[in-house]
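Read off the chains here:
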Amino acid sequence: MGIKAVVAGASGGIGQPLSLLMKTSPLISELALYDVVNTPGVAADLSHISSPAKITGYLPKDDGAKLAFKDADIIVIPAGIPRKPGMTRDDLFNINAGIVKGLIEVIADVAPKAYILIISNPVNSTVPIAAEVLKAKNVFDPKRLFGVTTLDVVRAETFVAEITGEKNPQKLTIPVIGGHSGETIVPLFSQAKPSVSIPDNKLAALVKRVQFGGDEVVAAKDGAGSATLSMAYAGFRFAEAVLKGLSGEKGIVTPSFVYVPGLPGGEEIAKETGCDFFSVPVELGTTGVEKVQNPLTNLNDNEKTLLKACVEGLKGNISKGVTFAHNPP
Ligand code: NAD
Ligand code: LMR
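Along each chain, the written sequence defines residue order, and numbers are assigned to residues from 1. Labels follow written order: the first chain is A, the first ligand is 1, and so on. Reporting in this predicted model follows two pLDDT cut-offs: at least 70 for local features of residues, and 80 or more for side-chain atom pairs to be given and counted; totals over whole chains, interfaces and linings ignore these cut-offs and use all residues.

Some remarks on the site of ligand 2
What makes a residue near a molecule or strand is its C-beta atom, placed from the backbone, lying within 6 Å of it. Taken together, Pro-82, Arg-83, Arg-89, Asn-121, Leu-151, Gly-214, Val-217, Val-218, Ser-226 and Ala-227 make up all the residues around ligand 2. A helix here means a DSSP run of H or I that spans at least four residues, while a strand means a run of E at least two residues long, and both kinds are numbered starting from the N terminus. Element by element, the count of residues in the shell around ligand 2 is highest for helix H8 (residues 213-221), at 3 residues. Ten residues, namely Ala, Val, Leu, Ile, Met, Phe, Trp, Tyr, Cys and Pro, are considered nonpolar, four, namely Asp, Glu, Lys and Arg, are considered charged, and the remaining ones, Gly among them, are considered polar. Here the shell around ligand 2 is composed, by residue class, of 5 nonpolar, 3 polar and 2 charged. In this structure, the shell around ligand 2 is formed jointly by two domains, domain 1 (3-148) and domain 2 (149-321), each of which donates at least three residues. Domain boundaries shown here were taken from an automatic or database domain assignment.

Focus: the packing of helix H6 (residues 150-164) against helix H9 (residues 229-246)
All axes here are fitted lines through C-alpha atoms, helices being fitted over the stretch that makes contact, and every angle between N-to-C directions spans 0 to 180 degrees. The interhelical angle for the contact between H6 and H9, taken along N-to-C directions, is 110°, at an axis separation of 8 Å. Between H6 and H9, the interaxial angle falls into the category roughly perpendicular. Considering only the axes of H6 and H9, their crossing is right-handed. Contacts from Thr-150, Leu-151 and Val-154 of H6 reach H9 at Ser-230, Met-231, Tyr-233, Ala-234, Gly-235, Arg-237 and Phe-238. Tallied by class, residues from the contact of H6 with H9 come to 6 nonpolar, 3 polar and 1 charged. In what follows, roughly perpendicular refers to angles from 65 to 115 degrees, roughly parallel to angles under 35, roughly antiparallel to angles over 145, and oblique to any angle outside these ranges. With the far helix as reference, a near helix turned anticlockwise by less than a right angle produces a left-handed crossing, and one turned clockwise produces a right-handed crossing. Each residue gets a C-beta atom placed from its backbone, and two residues are in contact if those atoms lie within 7 Å.

Focus on the UniProt feature "binding site: substrate" (unreviewed entry) in the chain
UniProt positions are given in the numbering used here, feature names are shortened, and annotations may be inferred rather than shown by experiment. The feature "binding site: substrate" (unreviewed entry), as annotated in UniProt, sits at Arg-83, Arg-89, Asn-121 and Arg-155 in this numbering. If you trace the backbone, Arg-89 turns up in the loop between strand E4 (74-77) and helix H4 (93-110). Residues with at least 20 other C-beta atoms within 10 Å of their own are called buried, those with 12 or fewer are called exposed, and the rest are partly exposed. The C-beta atoms themselves are positioned from the backbone. Its 23 C-beta neighbours within 10 Å are what place Arg-89 among the buried residues. Arg-89 has contacts with Arg-83, Asn-121, Pro-122 and Ser-181, leaving out every residue within four places of it along the chain. Among the residues examined, Arg-155 registers 26 C-beta atoms within 10 Å and is labelled buried.

Side note on the domain arrangement of the chain
Each domain of the chain was delimited in the assignment, giving domain 1 (3-148) and domain 2 (149-321). Taking the mean C-alpha position of each, domain 1 and domain 2 sit 21 Å from one another. Listed as interface residues are 38 residues of domain 1 and, on the opposing side, 41 residues of domain 2. Looking at the side of domain 1 that touches domain 2, the elements that each hand over two or more residues are helix H1 (15-23), E4, strand E5 (115-118), helix H5 (123-136) and strand E6 (145-147). Taken together, the residues of the side of domain 1 that touches domain 2 sort by class into 26 nonpolar, 6 polar and 6 charged.

Description of the confidence of the model for the chain
Confidence of the predictor in every single residue is expressed as pLDDT, which spans 0 to 100. For the chain, per-residue confidence averages 97 on the pLDDT scale, and 100% of positions sit at 70 or higher. Among the scores for the predicted complex, ipTM is 0.99 and pTM is 0.99.

What follows is the structure in structure tokens.
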């Protein structure tokens, strides 16, 4: 079966390298690039790469969004503005909420079965917005909607390896749960596989670095945006995991910010946290999320404290998104 993939926001700092990686994937047969600017150029450039995926570029004119998304199997969305120093991800809400809502409305109409992967910040709110739009159009399937939190996982691997001396950080599996901003990000080093030993005097700084890794990049870019290249890597890694699951590969488990009460195994997580959306390790299969794993039963005391702070912030982010979807300004 051929897979049609779409990148929405394809001309941006994340969109271009992400589109490059998608173009090189043997799992994709058709790649449509959508953005409000520059997609003809990006598509022409990538079209010279001798990989199988047939590439097209669309702008809003002439119903470009509808044509780009039509009958897509998987859609990755890095559309929207990034942070500058001094901003929180929530400061992006006013602009990005409307962008995501508009894109999901088109997707609901022309690609209701697509697997939708949302990168646009604030993820803690944009994913609930997407769910509400899909619900209103009667096409919401929790197994197919994902907030991409893979960059937090990638950072956890990298920063832990710097401490433990692991030569290949990608050998580490470290669940990072909760949301995708500051204290809502909860790395669970106690559940790392293989197990890792973090010295007590390094733990607090390590947790903080994973939670605020995005700020490190925003500060270093000094006004020129936030993480793009590491995010393109993380976004592609997650998209590939979804595609491998769809193709029947077994044993693919990675965290994602999903609508937990609608998923097998997720009801308990929603009850325990009071959050309907939560990043947890999801088992991916031929229909998307087959099951969510519950990492909350094995938390140590430090992780329990982190979880408490996480849910306090996350609940507000989620309800802000839900409210916006029902009462846009
Ligand atoms: P960018 O400004 O470089 O690119 C964004 C692109 O979106 C631009 O090309 C812009 O033209 C396009 N765009 C704007 N409105 C659009 C619309 N209605 N339809 C289609 N395209 C539209 O920004 P970036 O650095 O690529 O970041 C994009 C988003 O990703 C930001 O919100 C950022 O905060 C977020 N982000 C998320 C993560 C994560 O871990 N989930 C990591 C990094 C960045
Ligand atoms: C990140 O974690 O790098 C992204 O969410 C971008 C940001 O605003 O920090």
